Amino acid sequence: MCGVELVPVERLKPAGYNPRRADAERLALVRLSLSRLGFLLPIVATPDGEILSGHQRHAVAMSMGARQVPVMFVDIPQERRRGLNILFNRATNDIPMTADEVRLRAELQRVHVHELAERLPDLDPNGPEFWPCLSWATRNVRQLACRNVASFQPQSANVGRTLARLGVQLPIVLTEDDRLAVEPDGCRDVRIVLDKKGVNGAQLGDKVGAILTNRGQRHMDHRCAVAERFGTSDRAAECAKAVLYGRDVRQEFPEEVLAEAHAYDNALIDPAEAAHRADLRGLPIFTIDSAETKDIDDAISLMKTQNGGYELGVHIADVSHYVRPDTALDKEAYERATSIYYADKVIPMLPTQLSNGICSLNEGEERLAFSCLMQLDESGNIHSYQFVKSVIRSRVKGVYKEINALLDGSNDPALVTKYKDVMAQLPAMTELYEKRLALRKARGAMEIESDEAKLVMDEEGRCVDIVKRTRGVSECMIEEFMLLANQCAANAGRTHHVPFVYRIHEAPDAERMEKLSNTLKACGLNVHFAGEVPTQLELSAILDETRGQPIQIPVHTGILRSMQKARYSPEPKGHYGLVLADYAHFTSPIRRYPDLAIHRILTDMLVGKPEQELIKDYTGFATHASEQSSRQEVSAVRIERDVEDLYKAEYMHNHLGEVYTGTVAGVTPRGIFVALENTVEGFVPAAQLCKGEATVVEGVSILDPLTGKRWMLGDPVKVQVAGANVALGRIDFDYMPL
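Residues numbered from 1 in each chain as written. Predicted model: local features only at pLDDT ≥ 70, side-chain atom pairs only at ≥ 80, totals over all residues. Heavy atoms only, no water.

## A look at the overall build of the protein chain
Thought 1: Within the protein chain, the regular secondary structure consists of 21 helices and 30 strands.
Thought 2: Sorting the 738 residues of the protein chain into buried and exposed places 50% on the buried side.
Thought 3: Taking contacts inside the protein chain between residues at least 6 apart in sequence as the whole, the part at least 24 apart equals 69%.
Thought 4: Roughly 34700 Å² of accessible area belongs to the protein chain as shown, and the carbon and sulfur atoms make up 49% of that amount. (Helix = DSSP H or I, 4+ residues; strand = E, 2+ residues; numbered from the N terminus. Buried < 20%, exposed > 50% of the residue type's maximum accessible area, 1.4 Å probe, protein only. Contact = heavy atoms within 4.5 Å. Areas by Shrake-Rupley, 256 points an atom, 1.4 Å probe, with all protein chains shown as cover.)

Written out as structure tokens, the structure is:
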């Protein structure tokens, strides 16, 4: 029997002929599969390292920095490798094989069976039901990563149990003949009947994860079973669980992670460690956050200097002191890469012993910090900066709303008493912020208007109100001070030529700019840019010119759509939107892994580690951390938006039939999206607007060619709430003439 062994990844090489050369999307799916499941099947190669099966897994393993991969070696003559390569890499089994190839295929399958048996213990490798699973697994490992369970055809209950780990979310409904069925999300017309033995206690209206147990010729012939129950589908909190389940978000920490975290239960800082740090406990340092924040990772201090300048301190929780490389805590933080916030809940990157405990800069408690001490001139420009490991004690837990009241001149005795230790800093903070704001506008940093919702929850976790978040001076001020520290961190990495994790935002490409020009023309603006790609000052001028005007929404939306997505990168490519050559994320290591990563790099720089050692230790790390963090950030943003939609639908379900005035927020050939003042969006079908076939003009308006009526982004419309589907996070409006 052939054996499977771990070998160095560089020992393998692609075959001379590879019929499955993958595009970027396919490789991304393979990467996702490997990150979740590991090597479900070994790579097949010849003794000299030529890959016969598993080219994509090998390529992804190399890009992920893997050192070893499982390989099964088979001795195949050179002249037969091309044919066997085709055999292994096609999804069909109708390729003619010689008798020797048939015997070899059987031998390889036996090895795959034993490998799968270890990975999927639910299956009996000696049982007949295992062989269909083998065929399924070898053909569909990429779809496995996509979690598209409905596309699989399990042949046995054992296979079904395995697929239960990869279920999708569906509500329980009734068929026309009163049988329980599931309705896949986004497929209103598809209902899959529940097997009588697969109900598992689920009730009508429940949100569940389900698996196919039998695949028929038609949808009505399929059968499925409930693999996971979440609760009633009219509760956003229960549907949110399904979203997390469907996106494979792990809400609980593994035992080995919790074991390390418990070492910090009720922890205090180590006096011996504090003795080796800059002692900043005498400075009037304090934090400013929302009232409900528990994971406080940044604090500030500010003093005016004798020459009219400023000494700004941004003090960040020293998470890297507690989360060391190659620990279970670090590996889990790397996998999560970010905390996920929704409604009144958080799925933290780190266990609460750290995120809310020893790492959180709580009021009156001594904490280890990583401080960026900046000297700014009287105009607010950075003159110099220094990073130091420090020990601090926050004087007060500031709250944005309260600080804004004080900045507005409030003399509330309770507020004055609470902030007495830091009141003297507030005028200087406002002064520096105003100077920084002027510099920001002068360089053309763009301020694109967007609305953010705040969900108001009751004690039972239901959404009872939705209000638009407002940003006062204190929110903008803290954002600007954090931006300064982030800028200094990136500058330190770039000028010292060390591997680093940068936050980059690249300039828009010519194709996006052509679309933007068409959008601006559709809005009545005849704009000519000096170059192929406009400068930030040119775009900023358009934003300011249209701010508060009827065309603000389509113009600002068009400019936002023309932008590239910000991401993490080991290359210092600058930040187009902020108009900064240097930018990174340094200020939130409790909830973002890139911040933790550069804390680790900066720490080694501070202790004097030679440049060559830094390059050796962190080149691969910076690349992998950038890629992982960018992926997880995108996933987290989608989850947060999807879950927010669930809660908005829950809120609007209590307002069915009510009439609102909103604005057109999106246009499609199918209809328009209307945004209410509280940020809730609903859909109005084109059939209610147009007598003819709707025409979309440059993505900013919808036109009825028969009547000439037009609805443009930003136009006011009156609507009535017609429906609110909590399970799908969908709200439907009926159009009402103004």
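So that's the structure; there's more coming.
## Observations regarding a nonpolar patch on the surface
Thought 1: On the surface, a nonpolar cluster with roughly 180 Å² of combined accessible area is contributed by Val456, Val464 and Val467.
Thought 2: Classification of valine 456 as partly exposed rests on a relative accessible area of 31%. (Patch = residues over 30% accessible without salt bridge, like charges linked within 9 Å, V, L, I, M, F, W, Y side chains within 5 Å. Salt bridge = Lys/Arg side-chain N within 4 Å of Asp/Glu carboxyl O.)

## Some remarks on the packing of helix H20 (residues 593–606) against helix H21 (residues 611–653)
Thought 1: Relative orientation of the contacting elements H20 and H21 amounts to 170°, with a least axis distance of 10 Å. In terms of orientation, H20 lies roughly antiparallel with respect to H21. Where H20 abuts H21, its residues Tyr593, Pro594, Ala597, Arg600, Ile601, Asp604 and Met605 lie against Leu614, Tyr618, Phe621, Ala625 and Ser629.
Thought 2: Taken together, the residues of the contact of H20 with H21 break down into nine nonpolar, one polar and two charged. (Axes fitted to C-alpha atoms, helices over the stretch in contact; angles between N-to-C directions. Parallel < 35°, antiparallel > 145°, perpendicular 65-115°, else oblique. Nonpolar A, V, L, I, M, F, W, Y, C, P; charged D, E, K, R; others polar.)

## Quick notes on the side chain of arginine 592
Thought 1: Relative to the elements of secondary structure, arginine 592 occurs in the loop between strand S22 (567–569) and H20.
Thought 2: Polar side-chain contacts of arginine 592 include one of 2.9 Å to the side chain of aspartate 595.
Thought 3: Each residue touching arginine 592, except ones within four places of it in the same chain, is listed here: Ala337, Met349, Tyr568, His585 and Thr587. (Polar contact = N/O pair within 3.5 Å; in protein donor to acceptor, adjacent residues only side chain to side chain.)

## Remarks on helix H18 (residues 536–546)
Thought 1: Among all positions of H18, only Gln536, Leu539, Ser540, Ile542, Leu543 and Thr546 are buried. For H18, the angular spread of the buried residues around the axis is 155°, confining them to a single face.
Thought 2: Just past H18, the residue glycine 548 takes up positive phi, approximately 85°. (Arc of directions from axis to C-beta.)

## A few points about the pairing of strand S29 (residues 716–725)
Thought 1: Here strand S23 (residues 659–668) pairs with S29 via five bridges, running antiparallel. Of the residues in S29, the one forming a bridge with glycine 662 is valine 717.
Thought 2: As paired strands, S29 and strand S30 (residues 730–736) are joined by seven bridges and run antiparallel to one another. Counterpart to glutamine 720 in the pairing with S30 is aspartate 734.
Thought 3: Between S29 and S30, which pair antiparallel one after the other, the connecting turn spans four residues, and glycine 729 there sits at a positive phi close to 65°. (Pairing = 2+ DSSP bridges.)

## What to know about the sheet that holds strand S28 (residues 710–712)
Thought 1: Pairing in this open sheet of three strands is antiparallel, and the strands run S26-S27-S28 from one edge to the other. Looking along the sheet, the strands with just one partner apiece sit at the ends: strand S26 (695–697) and S28. Between one strand axis and the next, the sheet turns through 20° on average, direction left out of account.
Thought 2: When S26 meets strand S27 (residues 701–703), the two strands line up antiparallel, connected through three bridges. Note on S27: the bridge partner recorded for valine 696 is isoleucine 702.

## Describing the pattern of salt bridges
Thought 1: Across all of its chains, the model carries 39 salt bridges by this definition.
Thought 2: Where arginine 247 meets aspartate 642, a salt bridge forms, and the shortest distance between an N and an O atom there is 2.3 Å. Here arginine 247, found in the loop between helix H7 (236–246) and helix H8 (255–261), pairs with aspartate 642, found in helix H21; they are 395 residues apart in sequence, far enough to count as distant.
Thought 3: Residue arginine 281 pairs with aspartate 279 through a salt bridge whose shortest N-O separation is 2.9 Å.
Thought 4: Owing to a relative accessible area of 21%, arginine 281 belongs among the partly exposed residues under this scheme.
Thought 5: Overlapping salt bridges bring together Arg436, Arg440, Glu447, Arg471, Glu479 and Glu480 as one network.

## Some details on the sheet that holds strand S12 (residues 298–304)
Thought 1: Sheet architecture is open: five strands sit in the order S10-S17-S16-S13-S12, paired in mixed fashion. Among the strands making up the open sheet, the edge pair consists of strand S10 (278–279) and S12.
Thought 2: Where helix H15 (residues 426–443) meets the sheet, it contacts S12, strand S13 (310–317) and strand S16 (366–376), and its direction lies at approximately 95° from that of S12.
Thought 3: Sheet strands touched by H20: S13, S16 and strand S17 (382–393). Its angle to S17, the strand with the most contacts, is close to 100°.

## Here's the deal with helix H16 (residues 473–495)
Thought 1: Between its terminal C-alpha atoms H16 stretches 33 Å, which fits the 33 Å expected from 23 residues at 1.5 Å a residue.
Thought 2: Burial analysis of H16 places 19 of its 23 residues in the buried class, which makes it a mostly covered element.
Thought 3: Remark: histidine 497 follows H16 within two positions and exhibits a positive phi of approximately 55°. (Expected span 1.5 Å × (residues − 1).)

## Regarding the side chain of asparagine 404
Thought 1: Relative to the assigned elements, asparagine 404 resides in helix H13 (residues 400–407).
Thought 2: The exposure class assigned to asparagine 404 is buried, which follows from its relative accessible area of 15%.
Thought 3: Sequence-distant contacts of asparagine 404, defined by excluding residues within four places in its chain, comprise Gly472, Val473, Ser474 and Glu475.

## Observations concerning unusual backbone geometry
Thought 1: Despite not being glycine, asparagine 266 has its phi angle at roughly 50°, a positive value.
Thought 2: The backbone of glutamate 698 sits at a positive phi, close to 50°, despite the residue not being glycine.
Thought 3: A residue is classified by how much of its surface remains accessible, and glutamate 698, at 43% relative accessible area, is partly exposed.

## Some points on the confidence of the model for the protein chain
Should pLDDT be low for a region, the predicted coordinates there are not to be read in detail.
Thought 1: For the protein chain, the mean per-residue pLDDT works out to 83, and 82% of the residues sit at or above 70.
Thought 2: Scored below 50 in pLDDT, residues 89–97 makes 16 contacts in the model with residues more than four places away or belonging to other chains.
Thought 3: Between residues 113–169, whose pLDDT stays under 50, and residues either more than four places distant or in other chains, the model counts 123 contacts. (pLDDT = per-residue confidence, 0-100.)

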